[in-house]
Number of protein chains: 2
Amino acid sequence: MPRSKTPPAVSQNEADHPTSPIQHFAVEESLLLDSGASLGPWQIAYQTYGTLNADKSNAILICHALTGDQHVANANPVTGKSGWWTSMVGPGKSFDTDRFFIICANVLGGCMGTSGPANHDPLTGKAYAVDFPVVTIRDIVRAQARLVDRLGIDTLFCVAGGSMGGMQVLQWAATFPERVFAAMPLATGAKHSAQNIAFHEVGRQAVMADPDWRAGRYLAEGTRPEKGLAVARMAAHITYLSEPVLHRKFGRKLQDRTAPTFSFDADFEIESYLRYQGRSFVERFDANSYLYLTRAMDYFDLADDYGGSLAAAFKGTKTRFCVASFTSDWLFPTSDSRAIVHALNAAGASVSFVEIETDKGHDAFLLDEPVLFATSRGFIDAAARARGLKALDPKELDR
Amino acid sequence: MPRSKTPPAVSQNEADHPTSPIQHFAVEESLLLDSGASLGPWQIAYQTYGTLNADKSNAILICHALTGDQHVANANPVTGKSGWWTSMVGPGKSFDTDRFFIICANVLGGCMGTSGPANHDPLTGKAYAVDFPVVTIRDIVRAQARLVDRLGIDTLFCVAGGSMGGMQVLQWAATFPERVFAAMPLATGAKHSAQNIAFHEVGRQAVMADPDWRAGRYLAEGTRPEKGLAVARMAAHITYLSEPVLHRKFGRKLQDRTAPTFSFDADFEIESYLRYQGRSFVERFDANSYLYLTRAMDYFDLADDYGGSLAAAFKGTKTRFCVASFTSDWLFPTSDSRAIVHALNAAGASVSFVEIETDKGHDAFLLDEPVLFATSRGFIDAAARARGLKALDPKELDR
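Quick caveat: nothing in here was measured; it's all calculated off a predicted structure.

(A) Region of the structure containing the overall build of chain A. The number of helices and strands found in chain A is eleven helices and twelve strands. Here chain A has a C-alpha radius of gyration of 21 Å; the compact-globule value for 399 residues is 21 Å, and the two agree. Based on the C-alpha atoms only, the size of chain A along its principal axes is roughly 65 × 55 × 45 Å. A fraction of 70% describes how many contacts in chain A between residues 6 or more apart in sequence connect residues 24 or more apart.

(B) The arrangement of the relation of the copies chain B and chain A in detail. Each copy superposes on the other: chain B lies on chain A with an RMSD of 0.0 Å after a rotation of 180° and an axial shift of 0.0 Å. In the structure described here, the two chain copies are related by an operation that fits a two-fold rotation axis.

(C) Representation of the interface of chain B and chain A in the model. Of the residues lining the interface, 42 residues belong to chain B; the matching set on chain A comes to 42 residues. At eleven residues, helix H3 (residues 194-209) of chain B tops the list of elements feeding residues into the side of chain B that touches chain A. Partitioning the side of chain B that touches chain A into residue classes produces 23 nonpolar, eight polar and eleven charged.

(D) Region of interest: the sheet that holds strand S1 (residues 22-25) of chain A. Residue and element names in this part refer to chain A. Read across the sheet, eight strands follow the order S1-S4-S8-S5-S9-S10-S11-S12 without closing on themselves; strand pairing throughout is mixed. Looking along the sheet, the strands with just one partner apiece sit at the ends: S1 and strand S12 (350-356). With strand direction ignored, the average angle separating the axes of adjacent strands in the sheet is 20°. With six bridges joining them, strand S9 (residues 156-162) and strand S10 (residues 180-186) adopt parallel strand pairing. Bridging across to S10, Leu156 finds its partner in Val180.

(E) Spatial organisation of unusual backbone geometry. Residues and elements named next belong to chain A. With omega at -5°, the peptide bond leading from Gly40 into Pro41 counts as cis. Secondary-structure assignment places Pro41 in the loop between strand S3 (38-39) and strand S4 (42-49). In this structure, Ser163 takes a positive phi of about 60° despite not being glycine. If you trace the backbone, Ser163 turns up in the loop between S9 and helix H2 (164-175). For Ser163, a count of 27 C-beta atoms within 10 Å corresponds to the buried category. Unusually for a residue other than glycine, Ala187 sits at a positive phi of about 45°.

The rules behind each value
Residues numbered from 1 in each chain as written. Chains lettered and ligands numbered in written order. Predicted model: local features only at pLDDT ≥ 70, side-chain atom pairs only at ≥ 80, totals over all residues. Helix = DSSP H or I, 4+ residues; strand = E, 2+ residues; numbered from the N terminus. Rg over C-alpha atoms; globule rule 2.2 N^0.38 Å. Contact = placed C-beta atoms within 7 Å. Least-squares fit on C-alpha atoms with pLDDT ≥ 70 in both. Nonpolar A, V, L, I, M, F, W, Y, C, P; charged D, E, K, R; others polar. Pairing = 2+ DSSP bridges. Axes fitted to C-alpha atoms, helices over the stretch in contact; angles between N-to-C directions. Buried ≥ 20, exposed ≤ 12 C-beta atoms within 10 Å, placed from the backbone.

Encoded structure:
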């Protein structure tokens, strides 16, 4: 697959006709969803990097987070910004595009080319909007498995991702254990906590309170619930950071002024920053997708699908795991990762675990974290050796 | 002052004509505010409990929190519910109405009878709305001091309150040290953190995003930004609780159903609970008041008024302090209380400090916390003895 060198022109319709490669599935290839609904025809948009080797044993699937997309290491066609995980994916990086064939697909329910509420139903020609079926993390993973089938890949060398991406990693390992050689769930949990559901519900209510949401039919009515979605993003964004990093970066610093204005202007830098986060998000994300994907995360409770035992989800697994959490992540605190590790231990799985010291909060998995880089590189290299893939020259590890 | 025995009829106009006692101040008695604006005529609504003794030495001022009001120990005239601090204020309670004269006033900028954006400007007859001047915690305290003057009280035996109420306590001690014999700032901080400002900004943006806010003029236009205010309350409410208490009370329990609905209904109890919190809040609170009072909290930075030194704010103070924090309070964590205690120590003040173990989060100061009751009772009793007030009979301490 071609790797984008320069940002393509911004498409106004990435949902139906993405600039990414796409796989179409006909009605006969419908997805049967956890809700009981059947989705078809449907499509999945994705990016790849690197070259699939002859025995198709070097494929790595990257799973993106709630508001991420398939543009993991190329310029984003909507924002023009560089990919969201270039720190981890690229030549010589942990997910080395010189050695591995990297795949990242837009999630089911997303708005960047995989079927979701922003798409038009191929059968009716009308926008799905809230008629799109509610999907789960397992549905998202099932869709990815169909793509992997299409690409002719039996076993993925590795499945990796953070946050909602990590949920997908866990779901892959549970649903398709024989298809996952190695798994890296980062900054994630095996279920969504009450507090996390609460924050998501605030975001959904903010979107749905916006009269421009039009009971979900805004695409047909030519409106966009931008204000509501911006508020949702602002609330969520606070949870992606930590109190210490907010204190370090913003504290009580005033924005371009020396004294408070005694008004409701954005006097403080943190206010200005949050408003910017809200504004820029609505330019690239669909409000209904936000509802659907937060819902998918809320519904996620892996143990619940295995009689309440998380260890049962991983029973007999041969997948090797690398679990990582971040000390200042309060959205998916280390205790969530420990629960995963305990279950893997109980299942007799091969698992390494690291809690990484940082003040950057949940978003640390996306940022420049040398310990994460070293951990993932060591894990991938060992797994590659175990898989019989050509190992990196030892001096490569130092670069 | 009479103590309400039964809930009065709900008044539709508690802002202008509260059921509470009220003090009016004429233009000549205007409040000069931190913004430079002058407010007058103005009014302050309050409740009192117990009897002021002959030398007026037994008065306790209770300061309420962001969405509280003066109805600390009587039925609320709007909701019909009992007062918000009956666990602490009443016969035989820590703030014993059989021994002390308890005062609680609605804050400046509030909506329960003290001048605020929901009031009509006596000079024009029009609703203030966003023409009401932005107020600070110091302005709120100045207004309370005028009320205390009117009541003929020179020195308050104690000033006490939690959260935004605790900010007022600290401000009282700093601005009027000779008028405060004892001070109890609970679950509070000497400044508002970046994270707290961020959450407040989300709430304000939610209100202002509601088209029924009408650029703040909703009272004149006959609308109410109920959806926006409900979203603001939902977001804030999460910060008043803790992850452990949300887990204990709600976890992932479904609401009146055995399986998820695969919809955006309130499947989870926590969603239903939050929606209820949002709905019930808008019935009793004014949206503009919410903007003004969150702003007052954001602006609070006591050290900033004293050259950046919190100790300087308390220099030479003779007030005796009792500071309390709660282990699971992440809005005003113990570190905020420690900063207050360190400053008081540096100022040579008399201070006792307790960090109370609880999973109830920030709201713990309003709840049934035996250690808080014991601490406050011990502090108040010792202070009463030092003040020469009749001490409780020792056996009274056991009841």
